[in-house]
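Each chain is listed here by its residues.
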Amino acid sequence: MRQELLYKVLERIQKADPRKLFMAAAIFAMILICGLMVQRRVSSSEEQRMEAKAEKQEEKSKEEAGKDGAARQKTEEEKQIEAVEASIAPGQYPIMGASSIQVGEMVAFFKENGSAYPEEVLGEGGAPDIETFCEIYYEEAHAEGVRPEVAFAQTMKETGWLQYGGDAKVTQYNFAGLGTTGGGVPGNSYPDVRTGVRAQIQHLKAYATADALDGECVDDRYEYVTKGSAPYVEWLGQKENPEGYGWATGENYGYDIVEMIHDMRDSYSDSYDDENKEENTE
């Protein structure tokens, strides 16, 4: 059967016009060549795609390795800071130094109190929400080497959780009673939130150390402070300061601030635990 089919094909080829055979062969050859070229292009494109994918994967691996290294370094740094904080003696909470407190702790501390944030007034001064307000405290404190939790807790004490009610008004952006000497004296006013925070932190640094300011002085009362007279928060109260210096005359003024700092740490820890519980139940 196969032989008969082969004989028929050969017979037709012999009878066919040679020119047509040549044309058919040429067309077949072109089709074959084009097929090979397309296959080569596909293979080349596939190789390029695989190479690009491999390079991208390598870059991603390097990036992740870098992040892991930074995370490990940060964790180690945090451990060192926490070790220093754990060694703080009672009654000697330093105003200056690195701190493990982050913006999140301050935000959680304020929100847990339940007071309304004066967003309209403070928004006009550059802090439309509590998150921005805390970020400003964090940035300005670090700029001068002051612990952010010290300044923030002091503000909550001085302003009654930003509700004011004393001689100073919220529109003054005076967050620590600078210049409020009593008898209705409103104290200093500042053009915006950041400047008011900066003045407070510079004033704290003046009490904490004799070191010069790192930034331009905006605290009008900086020159009146006996430099380095209150290196510890507890000594900000004149009645508890060994030399009688200090920020305020109220009894246990500095101790109250330190207690608020401890509450700040606890409130963030509690809120973190609550979030984890919610995630685990979902």
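Looking now at the packing of helix 3 (residues 103–113) against helix 5 (residues 130–144). At a minimum axis distance of 9 Å, the contact between helix 3 and helix 5 shows a crossing angle of 135°. By the angle class used here, helix 3 and helix 5 are oblique. Considering the relative orientation of helix 3 and helix 5, their crossing is right-handed. Here Val103, Met106, Val107, Phe110 and Lys111 of helix 3 lie close against helix 5, whose contacting residues are Ile130, Glu131, Cys134, Glu135 and Tyr138.

Before going further, it helps to examine the nonpolar core. The biggest cluster of nonpolar side chains holds 55 residues, and the ones touching the most others in it are Phe133, Phe152 and Phe175. Looking at this core, the elements with two or more residues in it are helix 3, helix 5, helix 6 (148–159), helix 7 (193–208) and helix 8 (253–281). With residues up to four places along the chain from it excluded, the contact list for Phe133 reads Tyr117, Leu122, Ala127, Phe152, Thr155, Met156, Leu162, Phe175 and Val193.

As a further point, take the pattern of salt bridges. All told, the structure shown has 10 salt bridges when counted by the stated rule. A salt bridge links Glu140 to Arg194; its shortest N-O distance comes to 2.8 Å. Within this pair, whereas Glu140 is found in helix 5, its partner Arg194 is found in helix 7, the two being separated by 54 residues in sequence. Here Glu140 falls in the buried class, since its relative accessible area comes to 7%. Using a relative accessible area of 29% as the deciding quantity, one classes Arg194 as partly exposed. Across the pair Lys205 and Asp214 runs a salt bridge whose closest N-O atoms are separated by 3.1 Å. Residue class for Asp214 comes out exposed when judged on its relative accessible area of 58%.

On to unusual backbone geometry. In the Ramachandran plot, Trp161 falls in the positive-phi region, its phi being about 60° despite a non-glycine side chain. Looking at the element boundaries, Trp161 is found in the loop between helix 6 and helix 7. The backbone of Tyr164 shows a phi angle near 60°, a positive value even though the residue is not glycine. We classify Tyr164 as buried; its relative accessible area is 17%.

For helix 5, built from 15 residues, the straight-helix expectation of 21 Å at 1.5 Å per residue is met to within 8% by its first-to-last C-alpha distance of 22 Å. Buried residues along helix 5 sit against helix 3, helix 4 (119–124), helix 6 and helix 7. Remark: Gly145 follows helix 5 within two positions and exhibits a positive phi of approximately 80°.

Under the definition given, this model contains 11 aromatic pairs. Between Phe110 and Tyr117 the ring centres are 6.2 Å apart and the planes differ by 85°, which places this aromatic pair in the edge-to-face class. Taking relative accessible area as the criterion, Tyr117 reaches 14% and is therefore assigned buried. Among the aromatic side chains, those forming a connected cluster through ring pairs are Phe109, Phe110, Tyr117, Phe133, Tyr137, Phe152, Trp161 and Phe175. It is Lys227 that lies over the ring of Tyr222; its NZ or CZ is 4.5 Å from the centre.

To continue, consider a negative patch on the surface. On the surface, Glu119, Glu120, Glu124, Asp129 and Glu135 cluster together into a negatively charged patch. At 3 residues, helix 4 tops the list of elements feeding residues into the negative patch. Looking at the element boundaries, Glu120 is found in helix 4. For Glu120, a relative accessible area of 63% translates into the label exposed.

Along helix 3, the residues classified as buried are Val103, Glu105, Met106, Val107, Ala108, Phe109 and Phe110. In the segment just after helix 3, Gly114 is the residue with positive phi, at about 90°.

Criteria and cut-off values
Residues numbered from 1 in each chain as written. Predicted model: local features only at pLDDT ≥ 70, side-chain atom pairs only at ≥ 80, totals over all residues. Heavy atoms only, no water. Axes fitted to C-alpha atoms, helices over the stretch in contact; angles between N-to-C directions. Helix = DSSP H or I, 4+ residues; strand = E, 2+ residues; numbered from the N terminus. Parallel < 35°, antiparallel > 145°, perpendicular 65-115°, else oblique. Left-handed = near helix turned anticlockwise from the far one by under 90°. Contact = heavy atoms within 4.5 Å. Core = buried A, V, L, I, M, F, W, Y, C linked by side-chain atoms within 4.5 Å. Buried < 20%, exposed > 50% of the residue type's maximum accessible area, 1.4 Å probe, protein only. Salt bridge = Lys/Arg side-chain N within 4 Å of Asp/Glu carboxyl O. Expected span 1.5 Å × (residues − 1). Phe/Tyr/Trp six-rings, centres within 6.5 Å; stacked < 30°, edge-to-face > 60°. Lys NZ or Arg CZ within 6 Å of the ring centre and 35° of its normal. Patch = residues over 30% accessible without salt bridge, like charges linked within 9 Å, V, L, I, M, F, W, Y side chains within 5 Å. Areas by Shrake-Rupley, 256 points an atom, 1.4 Å probe, with all protein chains shown as cover. Lys, Arg positive; Asp, Glu negative; His and termini not counted. Charge placed at Lys NZ, Arg CZ, Asp CG, Glu CD.

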